[in-house]
Protein chains: 2
Amino acid sequence: MATIYDVARRAEVSPATVSRVANGHANVDPALAERVRDAMRELAYRPNAVARNLRRSRTTLWAVIISDISNPFYTSLVRGVEDGAQRSGYSVVLCNTDEDPAKEGQYVDAALAEQMAGVIISPAGKAQHVNRLADARVPVVVIDRQQGGAHVDTVLVDNEQGAYLATTHLIESGYRRIACVTGPAGVFTATRRLRGYRRALEEHGRPCEEELVRHGDFREEGGYRAMAALLGLRLRPDALFATNNLMTVGAVECLVDSRIPVPDEMGVVGFDDLPWAHLVRPSLTTVAQPTYELGREAAALLTQRIAEPERPPMTLTLETKLQIRDSSLRPRP
Amino acid sequence: MATIYDVARRAEVSPATVSRVANGHANVDPALAERVRDAMRELAYRPNAVARNLRRSRTTLWAVIISDISNPFYTSLVRGVEDGAQRSGYSVVLCNTDEDPAKEGQYVDAALAEQMAGVIISPAGKAQHVNRLADARVPVVVIDRQQGGAHVDTVLVDNEQGAYLATTHLIESGYRRIACVTGPAGVFTATRRLRGYRRALEEHGRPCEEELVRHGDFREEGGYRAMAALLGLRLRPDALFATNNLMTVGAVECLVDSRIPVPDEMGVVGFDDLPWAHLVRPSLTTVAQPTYELGREAAALLTQRIAEPERPPMTLTLETKLQIRDSSLRPRP
DNA sequence: GTGAAAGCGCTAACAG
DNA sequence: CTGTTAGCGCTTTCAC
């Protein structure tokens, strides 16, 4: 690879001038600039970004730390981040943690070592990892899950409100015993969505029955198992609110296997849309999250934070939207 | 951030010794090593990877250049790449080209500038971009689409064979007029899958009717439009082979909108599985590709190529698997 | 407007 | 086994 010195020699100028031309800085005599550009072309010169990064002590990479890119929620979110990053001249390094705090820690270390320009993280572990970044003054945006004890920019959806709408919709459709499968205890989104479910029941004068509340793992299997357990109850539920997309899929699979007709004998609403929720028969009612926008907003926030490190942190809460389809429409007798 | 000199001073050794301890190179007196480790801990020292990369003139980043991470085919593939990368100590930079050769070119430039350790690319453009990488001696693995004129490691699936199996299955299910919606003319996978379709028809004594062959854009909309056009024919087809996942979705949507029962009046087989193909009613018959393995194999190949740059390039072809579900099961009269 | 020169933080010869 | 030293390739003062 040709270096800046090779170009300088060929154009008969100093490396400093080449640098100025390459970066469009300062004024350079047009004739010289032309010579430099010729030399660059002839040598197929590409500035070495690693050297530049070292010298400037900053990079153009963001780390995006999420649990699993295979989950369509994150797929779309990451796409939003990447588009936003590209607009601001950054690239995105993808980090899947599989909800493993140790892996998360490694990626945080890597982000620190690589002098990443910023980090967007949906935290799996405690606030300590986010704090490590913040302490090192690395710009951070927390996404999807709020982190107590960390004072950083955050982008969320209104989980409680979404769950409230979903549950209310089931009540108003005439379902009587509405179950909820939420995520692991202690996970922010699981807690908030459960809270929305409870609030909806209470406000409609239906005390929440604890045997109808289950904790799953936010994966297909957890949804399947929870649904199976609910079907084993003496007093079966007649509707389910599942608090994420994969558990909704698992629950529906269980219902198909058990030959329980949806929505007639079991109404179903999921949190978070599925890419082909409308193709599934019956099509699935879901609380749609603005996943792409979540990513875009996080990217915008990170760009701002980088430009203005001292700005006080803010939290952005985006609205969800209840997407009513067939799985929650109880036929009136 | 503490530098290696800060640690050296605190541990009263030379920076070289700190470097040796940090990298586990050479033998260092245990007592010294202990002092160094203490100092590193006390100063919360993290080696600056940018400086290291410059000095070693190599990095631990791979660029993964694909058209769109939102397409579940790439989602899973990227996940495979990332897992493979992590095992070998690399991280993955995600690059979405949206099939735009210009964007692809920019990402290739970036990969060059950032001195990426390697590139995995599903090429949208001509071979020139791949050749730029190869010329700069950057290890490259081409994935999913073979590139004529580029002499590089390649990981493919047997597209023709998959299409052949899909079409044969439709023929054997009793469908008579089998249409094909393939991708853009000139795209490798589109061409190969079309060829498999044609071969299956010919081998079963059914000359391929050209009006039943359509070119789409590999997106939902293209599938919808192609299906709509096929439905407008005087002699309608009674089955469809769609050559990618999104076009299959689009075609099914069109069939739903047109109230054409599947599989009774229209058999459907798609190429490339959908995450919830089994939940769609009727469940979709598809040619499943080993997407995750594709990514894993590409990662393995890239790791080998990095270790052994002079090894002659090889092409790996993975098998597809026909996943027979309900959408292609014609009820016998 | 241009060039000389000093590093960014680290590693790897090379001496000792 | 340890320290000294010379860069990796670039940018950015600081003189001129």
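What you are looking at is a predicted structure, and each value in this text was computed from that prediction instead of being measured.

1. Focus: the protein's contact with DNA strand C
Here's step 1: Around DNA strand C sit 24 residues in total, of which A:Arg20, A:Asp29, B:Ile4, B:Tyr45 and B:Arg55 are the nearest.
Here's step 2: Here, DNA strand C places atoms within 4 Å of the protein, and 63% of those atoms are sugar or phosphate.
Here's step 3: Contacts to DNA strand C include B:Tyr5, whose side-chain N or O atom sits 3.1 Å from a base nitrogen.
Here's step 4: Elements represented by at least two residues in the surface near DNA strand C include exactly helix 2 (15-23) and helix 4 (49-56) of chain A together with helix 1 (4-11), helix 2 (15-23) and helix 4 (49-56) of chain B.
Here's step 5: For the surface near DNA strand C, the leading source of residues is helix 4 of chain B, giving four residues.

2. A closer look at helix 4 of chain B
Here's step 1: Along helix 4 of chain B, the residues that are buried comprise B:Ala49, B:Val50 and B:Asn53. Buried residues of helix 4 of chain B, seen end-on, are gathered within an arc of 100° and therefore sit on one face of the element.
Here's step 2: Residues of helix 4 of chain B that are buried in the fold lie against helix 4 and helix 6 (101-113) of chain A.
Here's step 3: Backbone nitrogen of B:Val50 and a side-chain oxygen of the N-cap are separated by 2.8 Å at the start of helix 4 of chain B; the cap is B:Asn48.

3. As for the domain arrangement of chain A
Residue and element names in this part refer to chain A.
Here's step 1: Domains assigned within chain A are domain 1 (4-52), domain 2 (57-158 + 290-319) and domain 3 (159-289 + 322-328).
Here's step 2: Using C-alpha coordinates to define each centre, domain 2 is positioned 29 Å away from domain 3.
Here's step 3: Each partner contributes to the interface: domain 2 provides 12 residues, whereas domain 3 provides 16 residues.
Here's step 4: Of the roughly 1,100 Å² buried at the junction of domain 2 and domain 3 (both faces included), carbon and sulfur atoms supply 52%.
Here's step 5: At the boundary of domain 2 and domain 3, one finds six residue pairs in polar contact (both at pLDDT 80 or more).
Here's step 6: Looking at the side of domain 2 that touches domain 3, the elements that each hand over two or more residues are helix 5 (72-87) and strand 5 (153-157).
Here's step 7: Considered class by class, the residues forming the side of domain 2 that touches domain 3 number five nonpolar, three polar and four charged.

4. Quick look at the sheet that holds strand 8 (residues 239-242) of chain B
All names here are of chain B.
Here's step 1: Spatial strand order, 7-6-8-9-10-12: six strands in an open sheet with mixed pairing. The sheet terminates laterally at strand 7 (213-215) and strand 12 (321-323), the two strands that pair on one side only. Put simply, the sheet's adjacent strands are angled 15° from each other on average, direction ignored.
Here's step 2: Sheet analysis places strand 6 (residues 178-182) next to strand 7, joined by three bridges and oriented parallel. Bridge pairing in strand 7 links Thr182 to His215.
Here's step 3: Helix 8 (residues 159-172) rests against strand 6, strand 8, strand 9 (267-271), strand 10 (285-288) and strand 12 of the sheet, and its axis sits at about 170° to strand 9.

5. As for the pairing of strand 8 of chain B
Residues and elements named next belong to chain B.
Here's step 1: Alternating positions in strand 8 separate into two faces, Ala239 and Phe241 on one and Leu240 and Ala242 on the other, with burial throughout.
Here's step 2: As defined by bridge partners, strand 6 adjoins strand 8 across four bridges and the pair is classed as parallel. By the bridge assignment, Ala179 is partnered in strand 8 with Leu240.
Here's step 3: Where strand 8 lies against strand 9, four bridges are found, and the strand directions are parallel. When the bridges of strand 9 are listed, Phe241 appears paired with Val269.
Here's step 4: Since strand 8 and strand 9 lie parallel, the crossover through helix 11 (residues 245-257) that links them has a hand, and here it is right-handed.

6. Here's the deal with the sheet that holds strand 9 (residues 267-271) of chain A
Pairing between the strands of a sheet comes from backbone hydrogen bonds, and it takes one of two forms, parallel or antiparallel.
Residue and element names in this part refer to chain A.
Here's step 1: Spatially, the six strands line up as an open sheet ordered 7-6-8-9-10-12, and their pairing is mixed. Since the sheet does not close on itself, it has two edges, and those belong to strand 7 (213-215) and strand 12 (321-323), each with one partner. Within the sheet, the average angular offset between the axes of one strand and its neighbour, ignoring direction, is 15°.
Here's step 2: Bridge analysis of strand 10 (residues 285-288) against strand 12 gives three bridges, and the strand direction is antiparallel. Paired with Val287 across the two strands is Leu322, which belongs to strand 12.
Here's step 3: Taken strand by strand, helix 11 (residues 245-257) contacts strand 6 (178-182), strand 8 (239-242) and strand 9, and its axis lies near 160° from that of strand 9.

7. Some words on the protein's contact with DNA strand D
Here's step 1: As a structural note, the neighbourhood of DNA strand D is formed by 24 residues, with A:Ile4, A:Arg55, B:Arg20, B:Asp29 and B:Arg55 the closest of them.
Here's step 2: For DNA strand D, the backbone makes up 60% of the atoms found within 4 Å of the protein, where backbone means sugar plus phosphate.
Here's step 3: B:Ser14 is positioned with one of its backbone polar atoms (N or O) 3.0 Å from a phosphate oxygen of DNA strand D.
Here's step 4: Within the contact set of DNA strand D, a phosphate oxygen lies 2.6 Å away from a backbone nitrogen or oxygen of B:Asp29.
Here's step 5: The set of elements that each furnish at least two residues to the surface near DNA strand D consists of helix 1 (4-11), helix 2 and helix 4 of chain A together with helix 2 and helix 4 of chain B.
Here's step 6: Classifying every residue of the surface near DNA strand D gives 11 nonpolar, seven polar and six charged.

8. Observations regarding empty space enclosed by the protein
Left-over empty space is what a probe sized like a water molecule reveals as it rolls over the atoms.
Here's step 1: This model, assessed by the stated rule, comprises one cavity of 30 Å³ or more.
Here's step 2: Within this model, the largest cavity holds a volume of roughly 100 Å³.
Here's step 3: Lining the largest cavity, in full, are A:Val50, A:Asn53, A:Thr59, A:Leu61, A:Glu114, B:Val50, B:Asn53, B:Thr59, B:Leu61 and B:Glu114.
Here's step 4: Taken together, the elements giving at least two residues each to the lining of the largest cavity come down to helix 4 of chain A together with helix 4 of chain B.

9. Observations regarding the side chain of A:Thr285
Residues and elements named next belong to chain A.
Here's step 1: Looking at where Thr285 falls in the secondary structure, it is placed in strand 10.
Here's step 2: At 2.8 Å, the side chain of Thr285 forms a polar contact with the backbone nitrogen of Arg325.
Here's step 3: Not counting the four nearest positions on each side in its chain, Thr285 is found in contact with His169, Val268, Val269, Gly270, Leu322, Gln323, Ile324, Arg325, Asp326, Ser327 and Ser328.

10. A look at the relation of the copies chain A and chain B
Here's step 1: Taken as rigid bodies, chain A and chain B are interconverted by a rotation of 180° and an axial shift of 0.0 Å, the fit giving an RMSD of 0.1 Å. In symmetry terms, the pair is related by a two-fold rotation axis.
Here's step 2: With an isologous cut-off of 70% or more, the 100% of interface residues of chain A that recur at the interface of chain B puts this contact in the isologous class.

11. Details of the packing of aromatic side chains
All names here are of chain A.
Here's step 1: Taken as a whole and judged by the stated rule, the model has six aromatic pairs over all chains.
Here's step 2: Judged by centre distance (5.0 Å) and plane angle (75°), the rings of Phe73 and Tyr74 are edge-to-face.
Here's step 3: Ring plane angle 55° and centroid distance 6.4 Å describe the contact between Phe241 and Phe271, whose orientation is recorded as tilted. With a gap of 30 residues between them, Phe241 in strand 8 and Phe271 in strand 9 connect regions that are remote in the sequence.
Here's step 4: With a relative accessible area of 0%, Phe241 lands in the buried category.
Here's step 5: The ring of Tyr175 carries Arg330 above its face, with NZ or CZ at 5.8 Å from the centroid.

Cut-offs used in this document
Residues numbered from 1 in each chain as written. Chains lettered and ligands numbered in written order. Predicted model: local features only at pLDDT ≥ 70, side-chain atom pairs only at ≥ 80, totals over all residues. Heavy atoms only, no water. Near = heavy atom within 4 Å. Polar contact = N/O pair within 3.5 Å; in protein donor to acceptor, adjacent residues only side chain to side chain. Helix = DSSP H or I, 4+ residues; strand = E, 2+ residues; numbered from the N terminus. Buried < 20%, exposed > 50% of the residue type's maximum accessible area, 1.4 Å probe, protein only. Arc of directions from axis to C-beta. Contact = heavy atoms within 4.5 Å. Domains from an automatic or database assignment. Buried area = accessible area lost by both parts, 1.4 Å probe. Nonpolar A, V, L, I, M, F, W, Y, C, P; charged D, E, K, R; others polar. Pairing = 2+ DSSP bridges. Axes fitted to C-alpha atoms, helices over the stretch in contact; angles between N-to-C directions. Right-handed = clockwise from strand over helix to strand, strands pointing away. 1 Å grid on protein atoms, 1.4 Å probe; cavity = no way out; pocket = protein on both sides within 12 Å on 5 of 7 lines; lining within 4 Å. Points joined across faces, edges and corners; volume = space filled by probe spheres on them. Least-squares fit on C-alpha atoms with pLDDT ≥ 70 in both. Phe/Tyr/Trp six-rings, centres within 6.5 Å; stacked < 30°, edge-to-face > 60°. Lys NZ or Arg CZ within 6 Å of the ring centre and 35° of its normal.

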